[in-house]
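Listed below, chain by chain, are the residues.
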Amino acid sequence: AGRISFVLGLQGPCSSTDTACASSLAALHGGSHAVSAGECSVAVAFAVGLKLVPYGTLGAASAGMLSISGRCKTLDALANGYARSEAVGALAMRLGEDSMVLKGSAVRQDGRSASLTAPNGSAQRTLMTRTLGRAALGPADVGVSELHGTGTALGDPTEAGSLAAVHGSVERAAALVVGAAKGNVGHSEAASGQVGLQRVSQVLEALSACGNAHLRVLNPLVGERLGSRSASFALPTAG
């Protein structure tokens, strides 16, 4: 990050962020706070996820985290792990109206859960509630939800349950447009959050929901939590 600031002549706060799969969104959170606090007039959040050596893939495969079919089948009944991918992107933030407005953000850790890779539904619910509070929004104001959505039998239902809990009822949660970029482009890990955010920006600009590749039969556990209507938003034929 320091070398990029040197090349571009940037003198504001500068840091590299490594929070695993949340890295790019944690960097975005820090950049937005720096702009709001007047530490800089413009903040740039860079996201990089490159697979230059094989060790990460070998380790994830040995741990049983990767899909044997090489696809992220987010929300699907046949979800069996994720596929690693690459991504590079950047987002610039400044005060005032723009093409997309960040109303609020929050960062939270899972803490102790069933395992190092198992999600913590309670932490997810608290994070979403606090983010809505900072943005001065209520659950009814949310029309689109971009999931982490790695395409795992444990992660997807947990995330769906957290959404349903925050939105108060299965009926309300079923009205959300729910999806994840990973179903279409794989899991770019450190850069994946920004990829998801870019997808949301396209949905808002086009006022049309994106379908999710590889979703054919909704995971029954997801359906129980979000309601069966979520399938109509998530299938590749959705308009």
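Criteria and cut-off values
- Residues numbered from 1 in each chain as written.
- Predicted model: local features only at pLDDT ≥ 70, side-chain atom pairs only at ≥ 80, totals over all residues.
- Heavy atoms only, no water.
- Helix = DSSP H or I, 4+ residues; strand = E, 2+ residues; numbered from the N terminus.
- Buried < 20%, exposed > 50% of the residue type's maximum accessible area, 1.4 Å probe, protein only.
- Salt bridge = Lys/Arg side-chain N within 4 Å of Asp/Glu carboxyl O.
- Lys, Arg positive; Asp, Glu negative; His and termini not counted.
- Contact = heavy atoms within 4.5 Å.
- 1 Å grid on protein atoms, 1.4 Å probe; cavity = no way out; pocket = protein on both sides within 12 Å on 5 of 7 lines; lining within 4 Å.
- Points joined across faces, edges and corners; volume = space filled by probe spheres on them.
- Nonpolar A, V, L, I, M, F, W, Y, C, P; charged D, E, K, R; others polar.

Trainee: What is the right way to look at unusual backbone geometry in this model?
Mentor: Positive phi, close to 55°, is recorded for Ala 136, a residue that is not glycine. Here Ala 136 lies in the loop between helix H4 (121–134) and strand E3 (144–146). By relative accessible area, which is 68% here, Ala 136 ends up exposed.

Trainee: Sorry, what's going on with the pattern of salt bridges here?
Mentor: Side chains that carry opposite charge are capable of pairing whenever their charged atoms lie near each other. According to the stated counting rule, one finds three salt bridges in the structure shown. Glu 189 is the salt-bridge partner of Lys 51, the closest N and O atoms lying 3.4 Å from each other. Of the two residues, Lys 51 is situated in the loop between strand E1 (42–49) and helix H3 (55–62) and Glu 189 in the loop between helix H7 (182–185) and helix H8 (192–206); the sequence distance between them amounts to 138 residues. In this structure Lys 51 comes out as partly exposed when scored by relative accessible area, which is 22%. Salt-bridge contacts for Glu 146 lead to Arg 199; the nearest nitrogen and oxygen are separated by 3.1 Å. With a gap of 53 residues between them, Glu 146 in strand E3 and Arg 199 in helix H8 connect regions that are remote in the sequence. Using a relative accessible area of 24% as the deciding quantity, one classes Glu 146 as partly exposed. Within this structure, Lys 51, Arg 84 and Glu 189 form a network of salt bridges that share partners.

Trainee: Just to check I follow, could you spell out the side chain of Asp 76 for this structure?
Mentor: Along the chain, Asp 76 turns up in the loop between H3 and strand E2 (87–94). In this structure, Asp 76 is buried with no salt-bridge partner, the nearest side chain bearing the opposite charge being Lys 73 at 6.1 Å. Ignoring any residue separated from it by four or fewer positions in sequence, one finds Asp 76 in contact with His 214, Leu 215, Arg 216, Val 217 and Asn 219.

Trainee: Just to check I follow, could you spell out the layout of surface pockets for this structure?
Mentor: One way to see where empty space is left: roll a probe the size of a water molecule over the atoms. Volume-wise, the second largest pocket comes out at about 780 Å³. Taken together, 28 residues form the lining of the second largest pocket, with Ala 1, Ser 15, Val 44, Ala 45 and Phe 46 sitting closest to its centre. The class makeup of the residues in the lining of the second largest pocket is 18 nonpolar, ten polar and no charged.

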